Every structure is written in structure tokens, then in C-alpha cells.
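# Observations on the model geometry
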Amino acid sequence: MAALGKEGSALAVWWERYYPLIGAIIAGMCAYFVPTVKSLLTDLSPTVLSAGISMASIFIGFMATMAGVILATSSKAVAFMKKVGKLEQLVAFI
């Protein structure tokens, strides 16, 4: 990986940005076109939707709490990230 130049880095950034979308499109196509998956999803849809919403809300709550703790902490690591200008990037990533 160390031998990758600027092109390899750009490809890695592109892949990191778009692989969730590509995976979602493939999963959606499988759910729409494969009869077994389609019938399984229609049987479980209320349960799966409810569980998915619950898990997503818990995850978002943890991420927001983590961002708040990082911003409120006055440790050496946070002070260093502020000094080099990377704290905003970290919080934006979270």
C-alpha cells in the first residue's frame, strides 16, 4: 500500500465514498428481482423495519454523545488536534 501514488489514493477515497451506495443498489436489485428474497422481505418487513429504526437511533445517539464528549474534553490529545486543525475534521467525520 505504501507504493500507491496519488492515483491509488484517489481510488481509495472514491471507493470509501461510494461503496455503501453500490452495495445498497446491489442489495436492492437482489431484493426486487430474486423471488425468494422478495418473499422473505415482505414476510419480515414490519419487524425488520422496526428493529432497523431502533438500531439506527441508538447508533446515532452514541455517535452524537461521542462527538459531544470529544468537544468538551480538554485532554492533551484534543488540544493537539485543535492545534494542528484536525479536530473539526474528526467531528465532521463522526
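Described in the following lines is the structure provided in the data block. (Residues numbered from 1 in each chain as written. Predicted model: local features only at pLDDT ≥ 70, side-chain atom pairs only at ≥ 80, totals over all residues. Heavy atoms only, no water.)

## Let's talk about the overall build of the protein chain
Scanning the protein chain for helices and strands turns up four helices and zero strands. Helices and strands appear in the protein chain in the N-to-C order α-α-α-α. Relative to the compact-globule value of 12 Å for 94 residues, the protein chain shows a C-alpha radius of gyration of 20 Å, a clear excess of over 25%. The principal-axis extent of the C-alpha atoms belonging to the protein chain is close to 55 × 35 × 15 Å. Side-chain charges in the protein chain split into 7 positive and 4 negative, and the spacing between the mean points of these groups amounts to 13 Å. (Helix = DSSP H or I, 4+ residues; strand = E, 2+ residues; numbered from the N terminus. Rg over C-alpha atoms; globule rule 2.2 N^0.38 Å. Lys, Arg positive; Asp, Glu negative; His and termini not counted. Charge placed at Lys NZ, Arg CZ, Asp CG, Glu CD.)

## A word on the packing of aromatic side chains
This structure, assessed with the given rule, holds three aromatic pairs. Pairing W14 with Y18 gives two aromatic rings, centres 5.4 Å apart and planes at 45°, and the pair type is tilted. Note that W14 and Y18 are positioned in helix α1 (residues 6–33) at a spacing of four residues, about one turn of the helix. Overall, W14 belongs to the partly exposed group, its relative accessible area being 43%. With a relative accessible area of 32%, Y18 lands in the partly exposed category. (Phe/Tyr/Trp six-rings, centres within 6.5 Å; stacked < 30°, edge-to-face > 60°. Buried < 20%, exposed > 50% of the residue type's maximum accessible area, 1.4 Å probe, protein only.)

## Some details on a nonpolar patch on the surface
Together, L11, W14, W15, Y18, Y19, L21, I25, M29, Y32, F33, V34 and V37 give the surface a local cluster of nonpolar side chains, amounting to about 1300 Å² of exposed area. Counting residues per element, the nonpolar patch draws most heavily on α1, at ten residues. Positionally, L21 belongs in helix α1. (Patch = residues over 30% accessible without salt bridge, like charges linked within 9 Å, V, L, I, M, F, W, Y side chains within 5 Å. Areas by Shrake-Rupley, 256 points an atom, 1.4 Å probe, with all protein chains shown as cover. Salt bridge = Lys/Arg side-chain N within 4 Å of Asp/Glu carboxyl O.)

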